Amino acid sequence: MARVFVYGTLKKGQPNYQHMINGTHGIAKFQGRGHTVEKYPLVITGKSNIPFLLNIPGTGHRVTGEIYSVDDQMLQFLDEFEGCPDMYQRTPVRIEVVEWEGKSSAPEERPAVNSIMECFVYSTTTYQPEWINLPYYDNYDSLGNHGLHYVLREIRD
């Protein structure tokens, strides 16, 4: 099982969360919440208002998200869903654990709050130069105060 950190539309309560839980794409087990150790620019852009984590460590905010354990089938689905490697790239990023719910047979395998773990994150180096000038967010919500409501793939033109 691999660990994946999701910060956008795949989080609980967000438009694409159903892909994480429906089981047809593999297994994704919610483990906890965290945020990036380093700052990154999280922007919302395009006519579909898609969240992108720009792979520019040291710029922006510590981004909040959810940690999942996923099997190989789910990891492959996520690669395809995220347009990896063209639109997003799956890269290891250090995440600080804020809350842990994951079940483990051995208590010593449960990461402590504030501990650091490495997770795969779908970020991008293939962004438009003007995206650097967009507002940076620390926590994505498709219905947030930004007013940039995400457009589902099924209804895009």
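Quantities reported herein were computed from a predicted structural model and do not represent experimental measurements.

We now examine the overall build of the protein chain. When helices and strands are tallied, the protein chain shows two helices and seven strands. For the protein chain, the spread of C-alpha atoms along the principal axes amounts to about 45 × 35 × 30 Å. The buried share among the 157 residues of the protein chain stands at 47%. Restricting the contact set of the protein chain to residue pairs at least 6 apart, pairs at least 24 apart contribute 75%. Here the protein chain displays about 8100 Å² of accessible surface, and carbon together with sulfur accounts for 50% of that area. Charged side chains of the protein chain number 14 positive and 19 negative; the gap between the two group centres comes to 4 Å.

Once that is clear, we can look at the pattern of salt bridges. Applying the stated criterion across every chain, the model contains four salt bridges. Between Glu101 and Arg33 there is a salt bridge; the shortest N-O distance is 3.7 Å. Taken together, the residues Glu101 in the loop between β6 (89-100) and β7 (116-123) and Arg33 in strand β2 (residues 28-36) connect sequence positions 68 residues apart. By relative accessible area, which is 29% here, Arg33 ends up partly exposed. A salt bridge links Arg62 to Glu96; the nearest nitrogen and oxygen atoms lie 2.4 Å apart. Of this pair, Arg62 sits in the loop between β4 (50-53) and β5 (64-70) while Glu96 sits in strand β6, placing them 34 residues apart in sequence. The partly exposed category is assigned to Arg62, whose relative accessible area is 34%. By relative accessible area, Glu96 is classed as buried at 15%. One network of salt bridges, with partners in common, ties together Arg33, Glu99 and Glu101.

Considering all chains together, one arrives at zero disulfides under this definition. Among the cysteines around Cys84, which has no disulfide bond, Cys119 carries the closest sulfur, lying 16 Å off. The exposure class of Cys84 is partly exposed, given its relative accessible area of 25%. Its relative accessible area of 2% is what places Cys119 among the buried residues.

Summed over the entire model, instances satisfying the criterion amount to four aromatic pairs. Joined through ring pairs, the aromatic side chains of Phe52, Tyr88 and Trp131 make up one cluster. Between the NZ or CZ atom of Arg90 and the centre of the ring of Phe120, over which it lies, the distance is 4.7 Å.

Here the focus is the pairing of β4. Look at any regular strand and the pattern is simple: side chains alternate between the two faces of the sheet. Along β4, one buried face is formed by Ile50 and Phe52 and the opposite face, lined by Pro51 and Leu53, is buried too. Here strand β3 (residues 42-45) folds back onto β4, and the loop between the two strands holds four residues, one of which, Gly46, carries a positive phi near 85 degrees.

Quick look at the sheet that holds β5 now. Two modes of strand pairing occur in sheets, parallel and antiparallel, and in both the strands are linked by backbone hydrogen bonds. On the basis of which strands lie adjacent, the closed barrel formed by five strands has the order β1-β5-β2-β6-β7 and mixed pairing. Sheet twist, expressed as the average angle between the axes of neighbouring strands with direction ignored, equals 50 degrees. Inspection of the sheet shows β2 paired to β6 by five bridges, in the antiparallel sense. Residue pairing in the sheet places Thr36 in a bridge with Ile95 of β6.

Scoring rules and cut-offs
Residues numbered from 1 in each chain as written. Predicted model: local features only at pLDDT ≥ 70, side-chain atom pairs only at ≥ 80, totals over all residues. Heavy atoms only, no water. Helix = DSSP H or I, 4+ residues; strand = E, 2+ residues; numbered from the N terminus. Buried < 20%, exposed > 50% of the residue type's maximum accessible area, 1.4 Å probe, protein only. Contact = heavy atoms within 4.5 Å. Areas by Shrake-Rupley, 256 points an atom, 1.4 Å probe, with all protein chains shown as cover. Lys, Arg positive; Asp, Glu negative; His and termini not counted. Charge placed at Lys NZ, Arg CZ, Asp CG, Glu CD. Salt bridge = Lys/Arg side-chain N within 4 Å of Asp/Glu carboxyl O. Disulfide = S-S within 2.5 Å. Phe/Tyr/Trp six-rings, centres within 6.5 Å; stacked < 30°, edge-to-face > 60°. Lys NZ or Arg CZ within 6 Å of the ring centre and 35° of its normal. Pairing = 2+ DSSP bridges. Axes fitted to C-alpha atoms, helices over the stretch in contact; angles between N-to-C directions.

The analysis is restricted to geometry; functional conclusions fall outside its scope.
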